[in-house]
Amino acid sequence: MGFARTCSVALVGVEGVVVEVQADLEPGVAAFTLVGLPDKSLTESKDRVRAAVVNSGATWPSKKLTVGLSPASVPKAGSGFDLAVACAVLGAAERIDPRVLADIVMIGELGLDGRVRPVRGILPAVLAAAHAGYEQVVVPECAAAEASLVPNLSVLGVRTLRQLVAILADEPVPDEEPDDPGRPDPLLAGLRVPGTGAATGMHTAGAAQHDGHDLADIVGQLSARTAVEVAAAGGHHLFLEGPPGAGKTMLAERLPAVLPMLTREESLEVTAVHSVAGLLPPGKPLIDVAPYCAPHHSATMQSLVGGGPGIARPGAVSLSHRGVLFLDETPEFNTQALDALRQPLEAGHVVIARSAGVVRFPARFLMVLAANPCPCGRFSLTDDFCECPPSAVRRYQARLSGPLLDRVDLRVQVDRVTRAELTERGARGESTAVVADRVRTARERAALRLTGTPWRTNSEVPGRELRSRWHARAGAMDEAERNLERGVLTARGLDRVLRVAWTVADLAGHDRPDARDVALALQLRTGVPRGVPMSIGAAT
């Protein structure tokens, strides 16, 4: 009787559970039994592993073979267990010393020819192995850079099973024939899987800058530009309302480039989500810039918040974690799908309950809503171009529920661009680089003030903490409190005005908000003019 064990990782959302892969050989009729709550793709690994072992030059044992995945109560899905199963079988057959395998975590899919293919979720799987105390992990060669992002862990990247067997058996490592450099590497297909969110309008801030997107391209729109700057500095959600062609989409597309670079911890969080979704950019294992996600208005609730059949997959709110989620033509979205965003907006994560288990995905994003004022888009209080009846305008605007809008800190009217503004020469606004520098300085001021707390931006600080630990100047909140008494603001709205006021103060270089900072925050929150210039520089 032969026995060997090694380890792999089962992913549940972006969290991993180390699974012990055990192989047992007994005399009897040759058979291969796989136990431990595997799914269909894992059950099929029996044929893949057998073919890969034989085509790698090893002998498949002609005995009764039982492979167990422990703990058996945890559902296992995917093909990432192939490499561990193959090595456990070879260890039980004494082709590899079983003692060498016991403390190694192996992740990878096997082709029928023995090549090791990458799978989704390499980074969260390796993180789980490191947290469990393992010091060595084996991954596909093309995913070694992603696995190496985890510190204090020995990473071995292999291209074929034959190479791995030679290394573990302390034999000369065979040379593998290199692929044709003029052809794409077929192994990289496992890193980007179609149908898992690749059509959600994803790109990064770096890509946006490379495409030439700059805030200086925006003509006029001083109020909207100021709102974008405040949103980026404090992480506040933004609602842009205006006629078609006024520049709402242009403003949203330029917002990610204004956001600061991600910290190391944030980069690992974002990379883990994108790795599970199969959306990591080729050749760049670590995402260090704010992601941008712009789903179409026909998106379902599952595509927005996550879910789907079987094991839940991350949705748009998680793909835009630490970045921007842009919902263009917001009233055209399904009402239930929009209201499903309420909980992630407050909690910073989304919990998806399914019969197969409960999955938790991070979802701390900056939401930007864009909408026309009416079905035809020409409704305005200053002209009569709109031909929609008042009832149609009310129905259209009512598609955005009050509770959802109450969670939006900034509401700005984007006016129609005039001919004079469009044809004026030499009057371009500030560039993205200038605004991004101001945003970075404001975030540094906020981070210094929030040192020793679990919060990083003003939008994350609970209202009770703002009122008890960090106080505005005397009398600065009087007007906002009167709005609360008149019913213009809710209690949540008052807290959000105070958060925006702190962000305005950080941008303006004030040690704490004064009456003008709060007035500008009220103006951005309610859309009602308060007699202050819609410019951060003018508010100093």
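All values reported here derive from a predicted model rather than from experimental measurement.

1. A closer look at the overall build of the protein
Check the secondary structure of the protein and you find 23 helices and 17 strands. Dimensions of the protein, computed from the C-alpha atoms along their principal axes, are close to 85 × 50 × 45 Å. Among the 540 residues that make up the protein, the fraction classed as buried is 51%. In the protein, of all internal contacts separated by at least 6 residues, the share reaching a separation of at least 24 is 72%. Carbon and sulfur atoms form 52% of the exposed surface of the protein, whose accessible area is close to 23,800 Å².

2. Some words on helix α5 (residues 122-131)
By the criterion of burial, α5 is predominantly enclosed, with seven of the 10 residues buried. When we look at burial in α5, the residues that qualify are Ile-122, Leu-123, Pro-124, Ala-125, Val-126, Ala-128 and Ala-129. Where the residues of α5 are buried, they touch β1 (2-12), β2 (15-26), β5 (104-106), β8 (136-140), α6 (144-147) and α11 (264-277).

3. So, the pattern of salt bridges
All told, the structure shown has 31 salt bridges when counted by the stated rule. One salt bridge in this structure joins Arg-399 and Glu-332, with 3.6 Å as the shortest N-O distance. Placement of Arg-399 in the loop between α16 (390-397) and α17 (402-406) and of Glu-332 in the loop between β13 (324-327) and α14 (335-339) is noted, with a sequence separation of 67 residues between them. According to the relative accessible area criterion, Glu-332 is partly exposed, its value standing at 36%. Salt-bridge contacts for Arg-473 lead to Asp-511; the nearest nitrogen and oxygen are separated by 2.8 Å. Residue Arg-473 is found in the loop between α20 (463-469) and α21 (478-485), and its partner Asp-511 is found in the loop between α22 (491-508) and α23 (515-526); the two are separated by 38 residues along the sequence. For Arg-473, a relative accessible area of 36% puts it in the partly exposed group. On the basis of relative accessible area, Asp-511 is assigned to the exposed category, the value being 53%.

4. Some points on the packing of helix α9 (residues 222-234) against helix α10 (residues 248-258)
Running from N to C, α9 and α10 point in directions that differ by 40 degrees, and their axes come no closer than 10 Å. Relative to α10, α9 is oriented so that their crossing is right-handed. Counting all contacts with α9, which are made through Ala-224, Arg-225, Val-228 and Ala-232, the residues of α10 involved are Leu-251, Leu-255 and Val-258. Split into classes, the residues belonging to the contact of α9 with α10 amount to six nonpolar, no polar and one charged.

5. Remarks on the side chain of Gln-163
Among the structural elements, Gln-163 can be located in helix α7 (residues 161-168). With near-sequence residues (within four places) excluded, Gln-163 lies in contact with Val-158, Val-173, Pro-174 and Glu-176.

6. Digging into the pairing of strand β3 (residues 31-35)
Residues of β3 alternate between two faces, with Phe-32 and Leu-34 buried on one and Ala-31, Thr-33 and Val-35 left unburied on the opposite face. Here β3 pairs with strand β4 (residues 64-70) via five bridges, running parallel. In the strand pairing of β4, Phe-32 is matched with Leu-65.

7. Some points on the nonpolar core
Core analysis: the biggest nonpolar cluster contains 57 residues, and Val-230, Leu-238, Leu-240, Val-368 and Leu-524 have the highest contact counts within it. Here this core gets nine residues from one element, more than from any other, and that element is α22. Not counting the four nearest positions on each side in its chain, Val-368 is found in contact with Leu-238, Leu-240, Ala-252, Leu-255, Val-324, Leu-325, Phe-326 and Leu-327. By size, the runner-up hydrophobic cluster in this structure holds 39 residues, among which are Ala-4, Ala-52, Val-53 and Val-165.

8. Description of helix α19 (residues 432-449)
In an α-helix there are 3.6 residues to a turn, and that puts residues three or four apart on one side. Between its first and last C-alpha atoms α19 spans 26 Å; for 18 residues at 1.5 Å apiece the expected length is 26 Å, and the two agree. For α19, the complete set of buried residues consists of Thr-432, Val-435, Ala-436, Val-439, Ala-442, Ala-446 and Arg-449. Looking straight down α19, one finds that the buried residues subtend no more than 135 degrees of arc, so they occupy a single side. Across α19 from its buried face, at more than 90 degrees, point the exposed residues Ala-433 and Leu-448.

Cut-off values and rules
Residues numbered from 1 in each chain as written. Predicted model: local features only at pLDDT ≥ 70, side-chain atom pairs only at ≥ 80, totals over all residues. Heavy atoms only, no water. Helix = DSSP H or I, 4+ residues; strand = E, 2+ residues; numbered from the N terminus. Buried < 20%, exposed > 50% of the residue type's maximum accessible area, 1.4 Å probe, protein only. Contact = heavy atoms within 4.5 Å. Areas by Shrake-Rupley, 256 points an atom, 1.4 Å probe, with all protein chains shown as cover. Salt bridge = Lys/Arg side-chain N within 4 Å of Asp/Glu carboxyl O. Axes fitted to C-alpha atoms, helices over the stretch in contact; angles between N-to-C directions. Left-handed = near helix turned anticlockwise from the far one by under 90°. Nonpolar A, V, L, I, M, F, W, Y, C, P; charged D, E, K, R; others polar. Pairing = 2+ DSSP bridges. Core = buried A, V, L, I, M, F, W, Y, C linked by side-chain atoms within 4.5 Å. Expected span 1.5 Å × (residues − 1). Arc of directions from axis to C-beta.

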